[in-house]
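Each chain, written out:
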Amino acid sequence: MVTYTARRFVSLVGVMLGISAVSFTLTALAPGDPAYSLLHLQQPGTEPSAEAVGALRAELGLNDPAPVRYLRWLGGAVLGDLGVSYRSGQPVAAEIAARMPATLILAGTSLAVGLGVGMPFGVFAAVRPRSWWDAVSRVLALLGASVPTYLLGLLLILVFAARLKLLPAFGSGTARHLILPTAALAAGITAQIMRLTRASMLETLRQPFVRTASVKGLSATRVTVWHGLRNAALPVVTATGLASGHLLGGAVMVETIFSREGVGKYAVDAIFVRDYPVIQGAVLYTALVFVVANFAVDLLYHWIDPRLRHA
Amino acid sequence: MLEGHDPARPRLLSLLLRDPVTAVAVGIVALALCAAVAAPLLAPHDPAAQQLEHAFSPPSERFPLGADHLGRDMLSRLLYGGRATLFSAGLVLALTIAVAVVVGLSAGYYGGWVDACLMRLADLLLAFPSLLLAVAIAGTLGPNLLNVVLALAVVGWAGYARILRGMVMSCRQEEYVQAAVALGAPPRRIMGRHILCNTIGPMIVLASLDVGAIILGIAGLNFLGLGMQPPGAEWGAMLHAAQPHLQTDPQLLLVPGTAIFVAVLSFNLVGDALRDALDPTSTD
Amino acid sequence: MSRPRRACVLLFVLSMLSAACAGSATAQEPSSAGVLRVGAPFFSSLPDPVAGGGFNALQFGLVETLMRLDPDLAPEPWLAEDIRARSDSVWAITLREGVTFHDGSAVDAEAVKASLQRAIAESEAASALLDVADITVEDPLTLVVTTATPSPNFPGLLTDPSTAIVSAAAARAQGDAFASKPVATGMFTVEEFELDNRLVAVRYEGYWGEQPKTERLEVNVQADASARFLALQSGQIDLAFDISPESVTQIEGDPTLRAVAAASVSTMFIYLNQTKEPWDDLRVRQALAQAAPSGEALVRSVFRGQAEAAVGNLPPAVLDCPEISKPYVNDPEAAQRLLSEAGYEDRDGDGVLERDGQPLTLIMLSYPQRPALTPMAEIIQASLQPIGVQVEIQSVEDINGALATEPWDGAMYFNNMAATGDPFGSLSQFFATGGDANRGGYTNPSVDASIERLRALSARAERRALACEIDQQLLEDVAIIPLVYPRYVYGVSAGVTGFEDPHPYFLYFMNSEIARG
């Protein structure tokens, strides 16, 4: 277990370095002059002079070759300095940290709903194949995977916020603000988890050990729910890791539509105003969260599965 | 052995058409593709033609699905929009497969450090939440349907490359491939003839299962404002334009929204059925 | 052995998730007594007038200028008690007694002088506007300003938000923090500020004027007009700025909401980038003006009647010129003739004109914060296409940034024309060579000379006549293409009092009466 963790950690660091390189390349390829944009931000309405732009470029080290700039940025990033936003002049790291909770709460709640609804449905569907329960869950899973998150979000706003005036349409701060965004985001995740749980349960139930257990005289429910679920949980754990990627991506849409101040909306807003330090920082941060989540899931998987633990 | 009779083909088609729901889905997919191709013939109006006096008008003889906020025919925009969305999806699919084939084949065949390098790159891309990276790429390159296609292709190839690599590697171990190598056949020939032919089929099918997700991605990026610019018609862009009128004229939103939903649903159903038909042991 | 392990894992995961959910349940809705929640489209510059121009800061009662505009857009004293001309370049300003800054320090002549000098030194807008030669303190409540050239409209210039009075001493002491939380004289002080996102302000108990009924002001920035309106409908805000015409229609059916409209002091127009070809050619600009859709068509379709078709560049509420006339009316054939005169032909039959191998394409910028602009851009695109001009619409979030840094040919724009209450302010800002808001680079030396003459004229009737002449010349030159004068409509929840008859200029939105009942 320890060696496995160590090996995975080393590989994690490698992936993070790669992510930072991709992040940096993304903005290095972008058009426009950062020094010009910065000066323009500081004095709105005036045209920065060529000398001022040149001086700022030299000061910021923008004339250095790309690898040097990358290493400089990376060095800063490791120490927690992701640069300064062109738009607000505030440190990017601080702005991201301030918006982290909103995104994590949204993603976490959606994941909880996904697991809380998806898993039981998946289990029951597997245990009672070809029943109406099975049919219903398959239909729901298909619908959930097919409806665009943004369309669902807009429809929820139309019905619940505008027409029925039951729930708030934008912002964050209370549990009520969370309901509609979570409903929009959770649909896709729930569908995925439902399908995966069902598939995994079905596979497990076919295993010899299950039949053995039922032959031994253990009650049917005990066999299915306990023994089957334990083994079926493994792929679900993996799926949760993968789902977190979809969650973070879907959160971008949901935060934009519902005006929740999270990292997703922050990144999209920055993309539209070409606030490159923010784009770089937000992409890096989101990818890191995803990678770390997967890393944790990996370890969890390895720890749960007795076959792997003693490998 | 009956002449001229391929036992595999009718089985697949009959499997697909046996279940009524799947049959309907297949029909819808076929219909959507035909409509996309034939849009210029089917559309009653020019999708960009504005008739301001008729803005927001309900469905009528002149406007079968009503008119939008600038008096443009919703049906024509839906048809041309479907063309843009579906063709872009096809393009993303083609690009994704092309890159995945090159990368997967090289990695699987040559192995060693080529494999290690390429798979590291793929892992790296897979480490990013795909939608965010696609938004970042498309946003940086500029709002343009082509850039949306590029962004989604860049984000999408990695998964397929990994799968193809796995298939190539196992194929390479096959006896007939080993025999070809022993006989001194050039690598290109081995890769092309023996390996690729056996792996490309399942590869394409696998990718096709994801068309629904690709359509959602294209419409999503357009919805954010990143793709097709006015006056072009595209389903996601139509959703974007319908937002200010969400409350007063929701049909502007519901028409393209329903189209996206139905199209994705149908593609997903067909994909599921294909998967069931090809791999009966799968429990999905 | 593995069973308790698994249970632990499950428990751990569940507790993490529930902890995440619990976090969101502890935040409370703010209590409604004395709190006014507003939805605004912008707050894209810092509250310090020197850093950001001061418009939004003044709008929300954070800072104040020496003079303000009354509902007829004539200057009247505000922070100052009185202003008197001693000669045509010397002005004596008498201050009110007992006015204090937010930190309690006195607003006396020395402090006002320091503030004005700071503005002139650090704000290009203020220094260009005020053109001050000297400021002298005569006694603690009087200061004398001498302008470099005769400036009969000096009182009007002092209404510009960039000249708002702040504590220069505090600015020095606090450094960068001052920009977000300026120490000024307004009825509210900043408690929390996030650029282009949120402002929370609390009542200043030491305010010199009438105590505002609202204790706490929360401004939420929502660029999207329908999102603002949605927030109003669902009760999250009490007042929404600049709602779209569709929303006005909806309010008519909703008893809990009111639409409060002010006569227009703004123009929606098209900037033309005259620093690049072919927009520097008058014939091409004329052709565009003749091919553009008529104001009436736009008012009917995009505004549902909530606007007036534009004639001059400035709306009648700001500059009333009954004799002004549009030199170029909607006439596509004339437009086509002009373009071929300018050397444009469609040789390859693709529907787009070319000259010297270059197609006639127009990159038109637009922005989402003013919802009518993009649909208008699309209509204009459809009107220009038949005459062979290919328009490419690009929607940007930061229009001013894009105008300065991105390539563009045309830009949809909305701006109030009431700055300083007198046409001179807008005319010099938008149309003088090098003007602050002259983003298209329009230049005409004879217009510049006329604008300078306007600065020095004192008789009101003469000023009006000269301003109208200038406006007519600007129309002939196609400096910009004015489209409509949109009405500024606020969406107000029924419980809000003190907001029945808003000031026509949305700069003066805040008053002490407004409160949520």
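About the cut-offs
- Residues numbered from 1 in each chain as written.
- Chains lettered and ligands numbered in written order.
- Predicted model: local features only at pLDDT ≥ 70, side-chain atom pairs only at ≥ 80, totals over all residues.
- Buried ≥ 20, exposed ≤ 12 C-beta atoms within 10 Å, placed from the backbone.
- Helix = DSSP H or I, 4+ residues; strand = E, 2+ residues; numbered from the N terminus.
- Contact = placed C-beta atoms within 7 Å.
- Nonpolar A, V, L, I, M, F, W, Y, C, P; charged D, E, K, R; others polar.
- Pairing = 2+ DSSP bridges.
- Core = buried A, V, L, I, M, F, W, Y, C linked by C-beta atoms within 7 Å.
- Axes fitted to C-alpha atoms, helices over the stretch in contact; angles between N-to-C directions.
- pLDDT = per-residue confidence, 0-100.

With that out of the way, let us pick up helix H11 (residues 282–291) of chain C. Residue and element names in this part refer to chain C. Of all 10 residues that make up H11, 8 are buried, and the element is covered over most of its length. Turning to H11, its buried residues number three or more, namely Val284, Arg285, Gln286, Ala287, Leu288, Ala289, Gln290 and Ala291. Looking at the buried side of H11, the elements it contacts are strand E13 (266–272), helix H13 (332–341), helix H14 (373–384) and strand E20 (480–486).

Facing the 37 residues of chain A at the interface are 34 residues of chain B. Breaking the side of chain A that touches chain B down by element, the ones donating at least two residues are helix H1 (2–28), helix H6 (132–146), helix H7 (149–163), helix H8 (175–205), helix H10 (220–258), helix H11 (263–273) and helix H12 (276–304) of chain A. Within the side of chain A that touches chain B, the residues separate by chemical class into 29 nonpolar, 6 polar and 2 charged.

Attention shifts here to the pairing of strand E1 (residues 35–40) of chain C. Residues and elements named next belong to chain C. Taken across its 6 residues, E1 has 5 buried, putting it largely inside the fold. Of the pairings in the sheet, the one linking E1 to strand E10 (residues 216–221) comprises 6 bridges and is parallel in character. For glycine 39, the partnering residue across the bridge sits in E10 and is asparagine 220. The sheet contact formed by E1 and strand E11 (residues 239–240) spans 2 bridges and is parallel. Note that in E11 the partner of valine 38 across the bridge is leucine 239.

All names here are of chain C. By the bridge criterion, 6 bridges tie strand E8 (residues 188–194) to strand E9 (residues 198–203) in an arrangement that is antiparallel. Within the sheet, the bridge partner assigned to glutamate 194 lies in E9 and is arginine 198. Between E8 and E9, which pair antiparallel and follow one another directly, the connecting turn spans 3 residues, one of which, aspartate 196, has a positive phi of 55°. As paired strands, E9 and E10 are joined by 5 bridges and run antiparallel to one another. The residue bridging leucine 199 from the neighbouring strand is valine 219, located in E10.

On to the nonpolar core, then. Ranked by size, the top nonpolar core spans 322 residues in total, and within it Ala267 of chain A together with Val135 and Ile215 of chain B carry the most contacts. The element that contributes the greatest number of residues to this core is helix H3 (residues 74–110) of chain B, accounting for 16 residues. Residues within four places of isoleucine 215 of chain B in sequence aside, it is in contact with Thr85, Ala89, Ile260, Ala263, Val264 and Phe267 of chain B.

Quick look at the sheet that holds E20 of chain C now. All names here are of chain C. With respect to topology, 6 strands assemble into an open sheet ordered E14-E20-E13-E19-E17-E18, the strand pairing being mixed. Strands at the two margins of the open sheet, each flanked by one partner only, are strand E14 (307–309) and strand E18 (390–395). Across the sheet, the axes of successive neighbouring strands diverge by a mean angle of 30°, strand direction being ignored. Summarising the sheet, E13 and E20 pair through 4 bridges and their orientation is antiparallel. Within the sheet, the bridge partner assigned to methionine 268 lies in E20 and is valine 484.

The strands that make up a sheet pair up through hydrogen bonds in the backbone, lying either parallel or antiparallel. All names here are of chain C. Strand order in this open sheet of 4 strands is E4-E5-E7-E6, and the pairing throughout is antiparallel. On the outer flanks of this sheet lie strand E4 (80–87) and strand E6 (132–139), each paired with one strand and no other. Each adjacent strand pair in this sheet contributes to an overall mean axis angle of 20°, direction not counted. As judged from the 5 bridges shared by strand E5 (residues 90–95) and strand E7 (residues 142–147), these two strands associate in the antiparallel manner. Along E7, the bridge assignment pairs isoleucine 93 with leucine 143. Contacts from helix H4 (residues 109–122) reach E5, E6 and E7 within the one sheet, and its direction differs from that of E6 by about 170°.

Time to look at the confidence of the model for chain B. Residues and elements named next belong to chain B. Residues at a pLDDT of 70 or more form 87% of chain B, whose mean pLDDT is 81. Ignoring residues within four places in sequence, the model shows residues 1–6, a span with pLDDT below 50, making 0 contacts including any to other chains. Scored by ipTM, the complex comes to 0.78, with pTM at 0.80.

The next subject is the environment of arginine 260 of chain A. Residues and elements named next belong to chain A. Relative to the helices and strands, arginine 260 is located in the loop between H10 and H11. Using a count of 23 C-beta atoms within 10 Å as the deciding quantity, one classes arginine 260 as buried. Spatially, the C-alpha atoms of arginine 260 and methionine 201 are 37 Å apart, while their sequence positions differ by 59 residues.

The predicted coordinates of low-pLDDT regions are not to be read in fine detail. Looking at chain A, pLDDT values average 76 and 80% of them are 70 or higher. Confidence, expressed as mean pLDDT per element, reaches its minimum in chain A at helix H13 (residues 306–309) of chain A with 56 and its maximum at helix H5 (residues 92–127) of chain A with 85.

Attention shifts here to the environment of glycine 139 of chain B. Relative to the elements of secondary structure, glycine 139 of chain B occurs in helix H5 (residues 130–141). For glycine 139 of chain B, a count of 24 C-beta atoms within 10 Å gives the class buried. Considered as a pair, glycine 139 of chain B and arginine 162 of chain B are 23 residues apart in the sequence and their alpha carbons are 27 Å apart. The residues contacting glycine 139 of chain B, other than those within four sequence positions of it, are Ile271 and Phe272 of chain A together with Leu226 of chain B.

With omega at 0°, the peptide bond leading from proline 230 of chain B into proline 231 of chain B counts as cis. Mapped onto the elements, proline 231 of chain B comes out in the loop between helix H9 (211–223) and helix H10 (235–242). Going from glutamate 277 of chain C to proline 278 of chain C, the amide bond is cis rather than trans, its omega being -5°. Relative to the assigned elements, proline 278 of chain C resides in the loop between E13 and H11. Phi is positive for leucine 73 of chain C, close to 65°, though the residue is something other than glycine. Mapped onto the elements of the fold, leucine 73 of chain C is located in the loop between strand E2 (67–69) and strand E3 (75–77). Even without being glycine, aspartate 356 of chain C reaches a positive phi, approximately 55°. A residue is classified by how many C-beta atoms lie within 10 Å of it, and aspartate 356 of chain C, with 7 of them, is exposed.

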